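Below, each chain spelled out in residue letters.
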Amino acid sequence: IDALILTEIKNITTNQELEEQKLEEELRKESAVFPDDRKTDAIVNIIVSTDNVSAKFEKNKNFINVVKSLGYKWNGSVWKKDISETTGTAEERAAELGNRLLNEGFPISILDEEIREKAINGNFEPECTRWIYRIKGKNKLIIKWKGYNDDLYRKARSLPGAKWSNGMVVDVAHYLEVE
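Predicted model only: the values in this text are computed from it and were never measured. The residue count restarts for each chain, going from 1 along the sequence in the order it is written. This being a predicted model, a pLDDT of at least 70 is required before a residue's local features are given, and a value of 80 or more before pairs of side-chain atoms are given or counted; all residues contribute to the totals for chains, interfaces and linings. To obtain the side-chain values, all non-hydrogen atoms of the structure were used and water was disregarded.

In this text, helices come from DSSP runs of H or I with a minimum length of four residues, and strands from runs of E with a minimum of two, each type numbered from the N-terminal end. Scanning the protein for helices and strands turns up 6 helices and 10 strands. In this description the radius of gyration comes from C-alpha coordinates, and the expected globular size is given by 2.2 Å times residues to the power 0.38. Against the compact-globule benchmark of 16 Å for 179 residues, the protein has a radius of gyration of 23 Å, which places it well outside the compact range. Each principal axis of the C-alpha atoms in the protein carries an extent, and together these give about 80 × 50 × 30 Å. By definition, residues are in contact when any of their heavy atoms lie within 4.5 Å. Relative to all contacts within the protein whose residues are 6 or more apart in sequence, the contacts with residues 24 or more apart total 54%. For the accessible areas, the method is Shrake-Rupley and the probe is 1.4 Å, while residue cover comes only from the protein chains on display. Of the accessible surface of the protein, which amounts to about 12200 Å², a share of 50% is contributed by carbon and sulfur atoms. Both charge centroids of the protein, one from 28 positive and one from 31 negative side chains, sit 12 Å from each other. Counting rule applied: Lys, Arg positive; Asp, Glu negative; His and chain ends not counted. Positions of charges follow a simple convention, taking NZ of Lys, CZ of Arg, CG of Asp or CD of Glu.

Okay, here's the thing in structure tokens:
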């Protein structure tokens, strides 16, 4: 009898999981946005949580170039970007990714209607990729930016006493020149 009860509970749980998956799939289809110049019928699923944004899609060179250019990393099953104090909110990053993908001709699905509208309208705060930090315990500033930027490097290197150390380090006394 116990085995029969356990089997029945397992079947009920499996059926509930299947129903939830079907419901989520229907919601994703209803929330899909197709650009005018779409290059595929496959839909990029953009998933937003408080500490990361992920994008799930078939293997596609152009898609990979877009997500990589926005700092997403492959984790084995999805492209993922962790959210931190320097990235802005998950909502802003999801809207930015969605907007970029739409502009590249990829259909997207974002379940959150507000984020989806931001992606469609391009109404989001772009990610800031240039930062100036004070080095803890020292009277030094460090200037950091994402990617390779020879012009920025030359400008930062021209600051008085500037030295490269995983970013351009300058004395805090030169904050006006840094500005």
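Okay, unusual backbone geometry next. Not every positive phi belongs to a glycine, and N166 is a case in point at roughly 55°. Along the chain, the position of N166 falls in the loop between β9 (163–164) and β10 (168–171). To sort residues, take the accessible area from a 1.4 Å probe on protein chains only and compare it with the maximum for the residue type: under 20% means buried, over 50% means exposed, and anything in between is partly exposed. On the accessibility criterion, N166 (60% relative accessible area) is exposed.

The next thing to look at is the sheet that holds strand β8 (residues 140–145). Pairing between the strands of a sheet comes from backbone hydrogen bonds, and it takes one of two forms, parallel or antiparallel. If DSSP finds at least two bridges between two strands, the strands pair. One open sheet holds the 4 strands; their spatial order is β7-β8-β10-β9, and the pairing between them is antiparallel. The sheet terminates laterally at β7 (130–134) and β9, the two strands that pair on one side only. The pairing of β9 with β10 spans 2 bridges and is antiparallel. From the neighbouring strand, K163 faces β10, where its bridge partner is V169.

What follows concerns the pairing of strand β5 (residues 79–82). Going residue by residue along β5, you find W79 and K81 tucked away on one face and K80 and D82 left uncovered on the opposite face. Sheet analysis places strand β3 (residues 52–56) next to β5, joined by 4 bridges and oriented antiparallel. Considered in β5, the bridge of A55 is made with W79. Bridge count between strand β4 (residues 73–74) and β5: 2 bridges; the pairing is antiparallel. Bridging across to β5, K73 finds its partner in K80.

So, on to a negative patch on the surface. Residues enter patches when their relative accessible area tops 30% and they take part in no salt bridge; the joining distance is 9 Å for like charges and 5 Å for the nonpolar side chains Val, Leu, Ile, Met, Phe, Trp and Tyr. The term salt bridge refers to a pairing of a side-chain nitrogen on Lys or Arg with a carboxyl oxygen on Asp or Glu at a separation within 4 Å. Taken together, the side chains of E91, D112, E113, E114 and E117 present a region of like negative charge at the surface. Of the residues forming the negative patch, the biggest block, 3 residues, is contributed by helix α4 (residues 113–121). Relative to the elements of secondary structure, E114 occurs in helix α4.

Once that is clear, we can look at the packing of helix α2 (residues 61–69) against helix α3 (residues 90–103). Lines fitted to C-alpha atoms define the axes here, with helix axes fitted over just the stretch in contact, and angles between the N-to-C directions of these axes take values from 0 to 180 degrees. For the pair α2 and α3, interaxial distance at closest approach is 10 Å and the crossing angle is 145°. The element α2 and its partner α3 pack so that their crossing is right-handed. Within the contact between the two elements, α2 uses F63, V66, V67 and S69 and α3 uses L97, R100 and L101. When residues are grouped by polarity, Ala, Val, Leu, Ile, Met, Phe, Trp, Tyr, Cys and Pro land in nonpolar, Asp, Glu, Lys and Arg in charged, and all others, Gly among them, in polar. In the contact of α2 with α3, the residues fall into 5 nonpolar, 1 polar and 1 charged. When the near helix sits turned anticlockwise from the far one by under a right angle, the crossing is termed left-handed; a clockwise turn instead gives a right-handed crossing.

Once their charged atoms are close, side chains differing in charge can pair, the charge on each being opposite to the other. Applying the stated criterion across every chain, the model contains 9 salt bridges. The salt bridge partner of K81 is E127, with a shortest N-O separation of 3.0 Å. Remark: E127 occurs in the loop between α4 and β7 and K81 occurs in strand β5; sequence separation between them is 46 residues. Residues K140 and D171 are paired through a salt bridge, measuring 3.9 Å at the closest nitrogen-oxygen approach. Of the two residues, K140 sits in strand β8 while D171 sits in strand β10, which places them 31 residues apart along the sequence. By relative accessible area, D171 is classed as partly exposed at 29%. Among the charged side chains, a network of salt bridges with common partners joins K81, E127 and K146.

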